[in-house]
Amino acid sequence: MTSTTSPQSARTAARFQLARGLFHLVAIIVITVWGFLSWPLPFPGIFTGLGLLVLSVLLWALFLSPRPVLRVDYFAAALFELMLLAAAVAALLSLGVFWLWPALFGVAGAVVGYLTSRRTR
């Protein structure tokens, strides 16, 4: 009998995981930049930006990283991923980016997350 996972399938899964990680990284950066720019600097802006950075990285590490600290079912992990992407889309819209780009970012991130989770099952 042959193995059910081929090298081509493993490479494709690794590419999807890399794309998913890049979407998560961009989402965390956008949320952090929004935190810095949405409030007046220096006092509330710096604390808000750093606080949102810590909170988003903490939630990513707990639930969405390749080896998460807390194992949850697929539905909870998908919910956290969609919340992260939705926060990034809302931050982009609040920063004044034309609505098409945040919408494309959110849809593409959700599709890549879905395809990646389907391949890891």
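It should be noted that the structure appears before, not after, this text.
Draft legend 1. Region of interest: the packing of helix H1 (residues 7-37) against helix H2 (residues 43-64). Where H1 meets H2, the closest approach of the two axes is 7 Å, and the angle between their N-to-C directions is 155 degrees. Judged by the inter-axis angle, H1 sits roughly antiparallel to H2. The chirality of how H1 crosses H2 is right-handed. Counted together, Arg20, His24, Ile28, Ile31, Thr32, Trp34, Gly35 and Phe36 of H1 and Gly45, Ile46, Thr48, Gly49, Leu50, Leu52, Leu53, Ser56, Val57, Trp60 and Leu64 of H2 form the full contact between these two elements. Taken together, the residues of the contact of H1 with H2 sort by class into 11 nonpolar, 7 polar and 1 charged.

Draft legend 2. Quick peek at the packing of aromatic side chains. Going through the model one piece at a time under the given rule, you end up with 5 aromatic pairs. Ring centres 5.4 Å apart and planes at 85 degrees place the aromatic pair Phe43 and Phe47 in the edge-to-face group. Taken as a pair, Phe43 and Phe47 lie in helix H2 at a separation of 4 residues, close to a single helical turn. Accessibility classification places Phe43 together with Phe47 in one group, the exposed group.

Reading the values: rules and limits
Residues numbered from 1 in each chain as written. Predicted model: local features only at pLDDT ≥ 70, side-chain atom pairs only at ≥ 80, totals over all residues. Heavy atoms only, no water. Axes fitted to C-alpha atoms, helices over the stretch in contact; angles between N-to-C directions. Helix = DSSP H or I, 4+ residues; strand = E, 2+ residues; numbered from the N terminus. Parallel < 35°, antiparallel > 145°, perpendicular 65-115°, else oblique. Left-handed = near helix turned anticlockwise from the far one by under 90°. Contact = heavy atoms within 4.5 Å. Nonpolar A, V, L, I, M, F, W, Y, C, P; charged D, E, K, R; others polar. Phe/Tyr/Trp six-rings, centres within 6.5 Å; stacked < 30°, edge-to-face > 60°. Buried < 20%, exposed > 50% of the residue type's maximum accessible area, 1.4 Å probe, protein only.

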